Protein chains: 2
Amino acid sequence: MTLSTPGPTLGVVGGGQLGRMLGEAAAPLGVELVVTDPTPDPPAAPVVRDALVGAFDDDATFRELAERADVLTYEIELADPDVLERVAEETGTPVHPDPETLRTIQDKLVQKRRLSAAGVPVPEFRQVDSAEDLREACEELGYPAMLKAREGGYDGRGNVPVESPDDAESAFAAIDGPAMVEEMVDFERELAVMGCRGADGQRDTFPVTETIHREEILRESVSPPRTDDDAVLGRAREIVLDVLDAMDGRGVFGVELFETTDGEILLNEIAPRPHNSGHWTIEGCHTSQFEQHVRAVMGMALGTTERRAPTVSANVLGDVEERQPATLVGEESVLSTPRSHLHWYGKHDVYELRKMGHVTLVGGEDGDAESDTDDLLGEVRALRDGLTFRQ
Amino acid sequence: MTLSTPGPTLGVVGGGQLGRMLGEAAAPLGVELVVTDPTPDPPAAPVVRDALVGAFDDDATFRELAERADVLTYEIELADPDVLERVAEETGTPVHPDPETLRTIQDKLVQKRRLSAAGVPVPEFRQVDSAEDLREACEELGYPAMLKAREGGYDGRGNVPVESPDDAESAFAAIDGPAMVEEMVDFERELAVMGCRGADGQRDTFPVTETIHREEILRESVSPPRTDDDAVLGRAREIVLDVLDAMDGRGVFGVELFETTDGEILLNEIAPRPHNSGHWTIEGCHTSQFEQHVRAVMGMALGTTERRAPTVSANVLGDVEERQPATLVGEESVLSTPRSHLHWYGKHDVYELRKMGHVTLVGGEDGDAESDTDDLLGEVRALRDGLTFRQ
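Just so you know, these numbers come straight off a predicted model, no measurement behind them.

### Here's the deal with the relation of the copies chain A and chain B
Piece 1. Superposing chain A onto chain B requires a rotation of 180° together with a translation of 0.0 Å along the rotation axis, leaving an RMSD of 0.0 Å. Both chain copies can therefore be described as sitting about a two-fold axis. When each C-alpha of chain A is compared by its distance to the rotation axis, A:Val47 comes out closest, at 2.0 Å.
Piece 2. Both copies share a contact surface, since 100% of the interface residues of chain A are interface residues in chain B too.

### Thoughts on the packing of helix 2 (residues 59-68) of chain B against helix 3 (residues 81-91) of chain B
Residues and elements named next belong to chain B.
Piece 1. Contact pair helix 2 / helix 3: the axes reach a minimum separation of 10 Å and the direction vectors enclose 45°. Considering the angle they form, helix 2 stands oblique to helix 3. Crossing of helix 2 against helix 3: the hand is right-handed. The residues of helix 3 that touch helix 2, namely those facing Asp59, Phe62, Arg63, Ala66 and Glu67, are Val83, Leu84, Val87, Ala88 and Thr91.

### Thoughts on the sheet that holds strand 4 (residues 50-53) of chain A
All names here are of chain A.
Piece 1. The sheet built from four strands is open, its strands ordered 4-3-2-5 with parallel pairing. Because the sheet does not close on itself, it has two edges, and the strands there are strand 4 and strand 5 (71-74). Each strand axis lies, on average, 25° off the axis of its neighbour in the sheet, ignoring direction.
Piece 2. Inspection of the sheet shows strand 2 (residues 9-13) paired to strand 5 by four bridges, in the parallel sense. Paired with Gly11 across the two strands is Leu72, which belongs to strand 5.

### As for the sheet that holds strand 6 (residues 125-128) of chain B
Residues and elements named next belong to chain B.
Piece 1. Spatial ordering of the open sheet is given by 6-9-7-8, a layout of four strands whose pairing is antiparallel. Each edge of the sheet is formed by a strand with only one pairing partner; in this case those strands are strand 6 and strand 8 (159-162). Across this sheet, the average inter-strand angle for adjacent strands is 25°, counted without regard to direction.
Piece 2. Bridge count for strand 6 against strand 9 (residues 179-183) is four bridges, and the pairing is antiparallel. Residue Phe125 lies in a different strand from strand 9, and its bridge partner there is Glu182.
Piece 3. The strands that helix 7 (residues 168-175) touches are strand 7 (145-149), strand 8 and strand 9; relative to strand 8, the one it contacts most, it runs at about 175°.

### Notes on the pairing of strand 13 (residues 217-223) of chain B
Residues and elements named next belong to chain B.
Piece 1. Most of strand 13 sits out of view: five of its seven residues are buried.
Piece 2. The pairing of strand 12 (residues 209-214) with strand 13 spans five bridges and is antiparallel. Within the sheet, the bridge partner assigned to Thr211 lies in strand 13 and is Ser221.
Piece 3. Hairpin connection from strand 12 to strand 13: two residues lie between these consecutive antiparallel strands, with Glu215 at a positive phi of about 50°.
Piece 4. As judged from the four bridges shared by strand 13 and strand 16 (residues 311-317), these two strands associate in the antiparallel manner. Paired with Glu220 across the bridge in strand 16 is Ala314.

### Observations concerning the interface of chain A and chain B
Many authors give the size of an interface as the accessible area that is lost as the parts come together.
Piece 1. Contact with chain A, which involves 42 residues of that partner, is made by 42 residues of chain B.
Piece 2. Of all the secondary-structure elements, those providing two or more residues to the side of chain A that touches chain B are strand 1 (3-4), helix 1 (17-26), strand 18 (327-329), helix 11 (332-336) and strand 19 (340-344) of chain A.
Piece 3. For the side of chain A that touches chain B, the element with the highest residue contribution is strand 19 of chain A, accounting for four residues.
Piece 4. By residue class, the composition of the side of chain A that touches chain B is 16 nonpolar, 14 polar and twelve charged.

Reading guide: rules and limits
- Residues numbered from 1 in each chain as written.
- Chains lettered and ligands numbered in written order.
- Predicted model: local features only at pLDDT ≥ 70, side-chain atom pairs only at ≥ 80, totals over all residues.
- Least-squares fit on C-alpha atoms with pLDDT ≥ 70 in both.
- Contact = placed C-beta atoms within 7 Å.
- Axes fitted to C-alpha atoms, helices over the stretch in contact; angles between N-to-C directions.
- Helix = DSSP H or I, 4+ residues; strand = E, 2+ residues; numbered from the N terminus.
- Parallel < 35°, antiparallel > 145°, perpendicular 65-115°, else oblique.
- Left-handed = near helix turned anticlockwise from the far one by under 90°.
- Pairing = 2+ DSSP bridges.
- Buried ≥ 20, exposed ≤ 12 C-beta atoms within 10 Å, placed from the backbone.
- Nonpolar A, V, L, I, M, F, W, Y, C, P; charged D, E, K, R; others polar.

Below, the structure written as structure tokens:
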């Protein structure tokens, strides 16, 4: 990569909040972004060179993106890997991570099979193509179990718990397509690790993060996790390195894990991109997950993943009943609290549980009284809970 | 200020590297930038909503900027205060800092008189309108003295040292306009403090920084300064608070100071905007000078100015003889050194001593062995010196 102007250009499929934060992170490195998104004026628009409008499988806009860019990436799994692959071949613009990796991850069953074959510990799972399959699988896995659509689910959408054999028909009908079922994991806590594959086989992980979900939507991230079991955290890191080895292409991967009540680590899911559970790295690490993704896909050296201080983040979710133009109320206390950082994604409309922004709170340096993450979590929740949307 | 989308908009006169770093800092706060600059595709362009093209006194583009913006500011002193004032009155869009402050600062003689009258210690100075004036003034101030153009000088341009009475004619002819002359200060070191005026009379200062110039161009910034004289640093901060009291309007002010060999602090110059000597705050503080400027001018609460760790920055200056398209060589070592940060300004052309970017190196937390700023300075110089432009 050569730094000249106009800078090296990264073409990004998707212009949501991840694209916006990629734009914020790319500029200091001299990298310009062009994004494509089905929505005009998406969140990334104000901080990128250009925002094209096109569907996530639109050949023409992917081609324009590839022609303007030195490297292609995606910030949403809905990007069509076939179109990406074809456009990359025809224009010579490489795609990272590899479209084959995207294809593997898009299908949760294929993802689990690949990782399991690579020796990564995963919850027990079965392919399910009918209600009958589901009942049979649950005989082995036990009840309750979690039925998952193989494709397209996110933030809990596409997941249906199955409590008993009587649920099988309705659960399978709710998914209405290819599915898999997993044993319900009895977890102590959920963890996430942002892993990264760089050029020349470089791989690294960010510090382990505790994630807190409600209604299967991430609410808060806490780093370091509220545990002093270093062996568990070390095991989580080792597993993520194994995950990285099983993937192709460069980039950041968000890896969600379960820490079971027995102290085991099981892989939950992977995202081939920066992930909500890594937003705390913007202020909490010397290199953010967004800068790291830009470095990785552009072929620059990876930055250090060292944590600067204990750090927590809380998502700001839509709290309105009807979809409507978004106006945030109550940000003054976030802005006036030292070491608290507001991140507004610039979405035009708010609806219930939509991710509209996040608040990050940085603690004192390790060893300080202020570094207790349980206290920080309480504070950031209070700040976040002070935010609301005008009805 | 209300956070909705499209976000509150800040109109910035000037789209250089300061505008670019303002754009990087504004997005998380939900603030969009529109800039105006005489140069098409200026450094800020890839990270702002729009870059208008117009001279720094162009009524029509200032008006368009004012109509699109909620608040106006400027990142260069060449912005015309009369046009800003008129456009602000006609459109109702406020300008921060106040155009009257800009007018005062633009004329170094008026600036010094205002500050001296406010009780701020300044080097001895005299108004100079002829070579004869200059000789008379130097009789009192002693030789050598520094002749300065009252308007338009920067990075040492417009400054001419006067060694003896024989120099008076040629020195005055070199300035060729209204001038002032100052005693040459015998300084131990140069310091800088970024001050900030917020809404409701809020004022604050960032930690004191040591600045190192060569050929009157800033080369490196070191924070904290390489001194253990806390009284001197405390005095510097007090003087900057006095400076802030003498200014009107909100915003960040870059204040350059001399620490004399007697341990006194004298004011050198003020800039009514983020300043090169504060670039280290991007990684070195919880709030950067750019975020602080956005907060201040938009009327948000100021962020904490606390330093996270000892931090040094080094400017990357053009090292070519002829103006030519810029291609940077050697950035790999900056990118692969932990805690080192590259900032590329995206300027199309390079010429001798042009500010093209900077490198920031963050130390360990205070008290660590790694926190010695003299060592950090040596390291960041080595990183910076490894960068060159393709001839």
